[in-house]
Amino acid sequence: MSSSKTAMVNYMDMTTIEPQERLNYLVQHGNMIEVDPKQSILRYFRSGREMVRMAKVYVAEGNHENAFILYMKYLTLFVEKIRKHPDFESKRAEMKDINKLIKEEIMPKSEKLRQKLKNHYQREYEQFLANKEAERIHELERERERRKREARDCNKVGGYSLIPANLHVQIDPNVQPSAPDMKLLDQVVYPNDFPMGGQRSNLSDGGLLLSVETDFRDENDKRTNIPSKPSFDRSQKPQYDRSDSLLAGSLRTVIIPQDTMEVFLKLAQKNTDKNIETCGILAGRLSQNRLYITHVIIPKQHGNADSCTTMSEEEIFDVQDQKNLITLGWIHTHPSQTAFLSSVDLHTHCSYQLMMPEAIAIVCAPKYQTNGFYILTPTYGLNFIAECRETGFHPHPNDPPLYMDAQHIQMDQNQKIQVVDLRR
């Protein structure tokens, strides 16, 4: 599945937006994060660490905008939203360390990025205004040229001059103006005084020439397309015109080693023979705005024929911290069923996708020799499952769909998946 299938949207160029308004929009985008009280608070601590890791990568790569958005998400999560979690009071020690990090690192870096972005936006906005003014002047010049051509054409019809060549009027500044000599009017050639072919002239009852139904523009003028002035609708929600921005709305590509499923199924074989599910965490790194799955972490767990529950999540966090890995989804088997997401799977994946929009769920169905790569539908399923308060296996409506095949993934035959099996 290629990332080229990812749906793209036509975005308004944000260089047309005033610098402070652009910054405000980044902050608003950073505020778009919620805390699900049903999920372990430890997952939010892990997600926070991963936000900081990704922000540092973006800073190193010069993508200050994405780094700033991630820092805003971190601040929103741990200054405001995490307090709503029912386990918040029991994690005062962890929050003390987080608050120290916010004060000593996150806030100073965010402010530095804010100033850099503001200066950059100001330069872009000034260039936009200069380009807009140049276009306005160009339009005025073209309009003046058009009117000059029309004025010349009004004095000529079919190659004949409307003013006699022998008509000369000389004004003596010492003589007071007198009434015009009406005899001169007889020498004026009117359009209906010579053949016009299929063209007609319309005269009023008083005999005055009102209009001539013909196009007197020359061929060059006919081929000249005068562009209309660009319109700028400030009421539209600002969007960004770069696909590498977290504002763009498109999912970043997730690269999966081709052997991931085969390696995982071998590790799960003992459970599969007993009709027991096996699950693992997909982890990796960010580089050049692409997400690379590099590791499968298999935690301690217990399962049955249709579910699997992880244990000792702190061990997972330790591995990710040691190897500087970010969570990119999860993988599990359906030993005797086809590849799909059950109602329990939907809720499990929701917590991953809320923290990482690109997070994928891989389902391996060895009995049917198929693999599925899924995400909750971003426009409906994600919000629906996040608001669902049912637990265990329970029915969900199927229309509109709650999940879909992931279209933002790409297989890599050259890379090999690495395994960390914490069950041993």
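Since this is a predicted model, take the numbers as computed values, not measurements. (Residues numbered from 1 in each chain as written. Predicted model: local features only at pLDDT ≥ 70, side-chain atom pairs only at ≥ 80, totals over all residues. Heavy atoms only, no water.)

Student: Explanation requested: the pairing of strand E10 (residues 326-333) in the structure shown.
Tutor: Here is the key point about a regular strand: its side chains alternate between the two faces of the sheet. Of all 8 residues that make up E10, 8 are buried, and the element is covered over most of its length. Relative to E10, strand E6 (residues 279-287) is paired through 6 bridges, and the arrangement is antiparallel. Looking across to E10, one finds that Gly280 is bridged to Ile331. In terms of strand pairing, E10 meets strand E11 (residues 360-365) through 5 bridges, oriented parallel. Across the sheet, the residue bridging to His332 is Val363, located in E11. In this fold, the crossover linking E10 to E11 by way of helix H9 (residues 343-355) has right-handed handedness. (Buried < 20%, exposed > 50% of the residue type's maximum accessible area, 1.4 Å probe, protein only. Helix = DSSP H or I, 4+ residues; strand = E, 2+ residues; numbered from the N terminus. Pairing = 2+ DSSP bridges. Right-handed = clockwise from strand over helix to strand, strands pointing away.)

Student: Mind showing me how you'd approach the confidence of the model for the protein chain here?
Tutor: Detailed reading of the predicted coordinates is not advisable wherever pLDDT falls low. Taken over all residues, the pLDDT of the protein chain has a mean of 80, while the share at 70 or more is 75%. pLDDT under 50 marks residues 1-12. Its contacts with residues more than four places away, or in other chains, come to 33 contacts. Below pLDDT 50 for its whole length, residues 184-242 participates in 84 contacts with residues either more than four positions away or in separate chains. (pLDDT = per-residue confidence, 0-100. Contact = heavy atoms within 4.5 Å.)

Student: I would appreciate a short explanation of the nonpolar core in the present structure.
Tutor: What tends to happen in soluble globular proteins is that the nonpolar side chains get buried as a cluster. Membership of the largest hydrophobic core comes to 80 residues, with the highest contact counts inside it found for Tyr74, Phe78, Ile256, Ile293, Ile297, Ile360 and Ile362. Not counting the four nearest positions on each side in its chain, Ile256 is found in contact with Ile293, Ile360, Ile362, Phe373, Ile409, Gln410, Met411 and Asp412. (Core = buried A, V, L, I, M, F, W, Y, C linked by side-chain atoms within 4.5 Å.)

Student: Whenever I open this one, the packing of aromatic side chains confuses me. Can you help?
Tutor: By convention here, two paired aromatic rings are described through the distance between centres and the angle between planes. Considering all chains together, one arrives at 6 aromatic pairs under this definition. When the centroid spacing of 6.0 Å and the interplanar angle of 20° are considered together, the rings of Phe45 and Phe78 count as stacked. Within this pair, whereas Phe45 is found in helix H2 (residues 41-60), its partner Phe78 is found in helix H3 (residues 64-80), the two being separated by 33 residues in sequence. The exposure class assigned to Phe45 is buried, which follows from its relative accessible area of 6%. For Phe78, a relative accessible area of 1% gives the class buried. Taken together, a centroid distance of 6.1 Å and an interplanar angle of 5° make the contact between Trp330 and Tyr352 stacked. Residue Trp330 is located in strand E10, and its partner Tyr352 is located in helix H9; the two are separated by 22 residues in the primary sequence. Tyr352 shares its class with Trp330; the two are buried. An aromatic cluster is defined as three or more aromatic residues linked by ring pairs; in this entry it consists of Phe45, Tyr74 and Phe78. (Phe/Tyr/Trp six-rings, centres within 6.5 Å; stacked < 30°, edge-to-face > 60°.)

Student: Honestly, the packing of H3 against helix H4 (residues 92-154) in this entry has me stumped. Any pointers?
Tutor: Angle between the axes and distance between the axes are the two parameters that describe a pair of packed helices. Remark: H3 packs on H4, axes separated minimally by 9 Å, with the N-to-C direction vectors making an angle of 145°. In this structure, the crossing between H3 and H4 has a hand that is left-handed. Taken together, the residues that form the contact of H3 with H4 break down as 17 nonpolar, 2 polar and 4 charged. (Axes fitted to C-alpha atoms, helices over the stretch in contact; angles between N-to-C directions. Left-handed = near helix turned anticlockwise from the far one by under 90°. Nonpolar A, V, L, I, M, F, W, Y, C, P; charged D, E, K, R; others polar.)

Student: Can you help me understand the environment of Ala339 in this one?
Tutor: One can find Ala339 in the loop between E10 and H9. According to the relative accessible area criterion, Ala339 is buried, its value standing at 18%. The spacing of Ala339 and Tyr368 is 29 residues in sequence and 8.4 Å in space, taken between C-alpha atoms. Each residue touching Ala339, except ones within four places of it in the same chain, is listed here: His334, Val363, Ala365, Thr370, Asn371, Gly372 and Tyr374.

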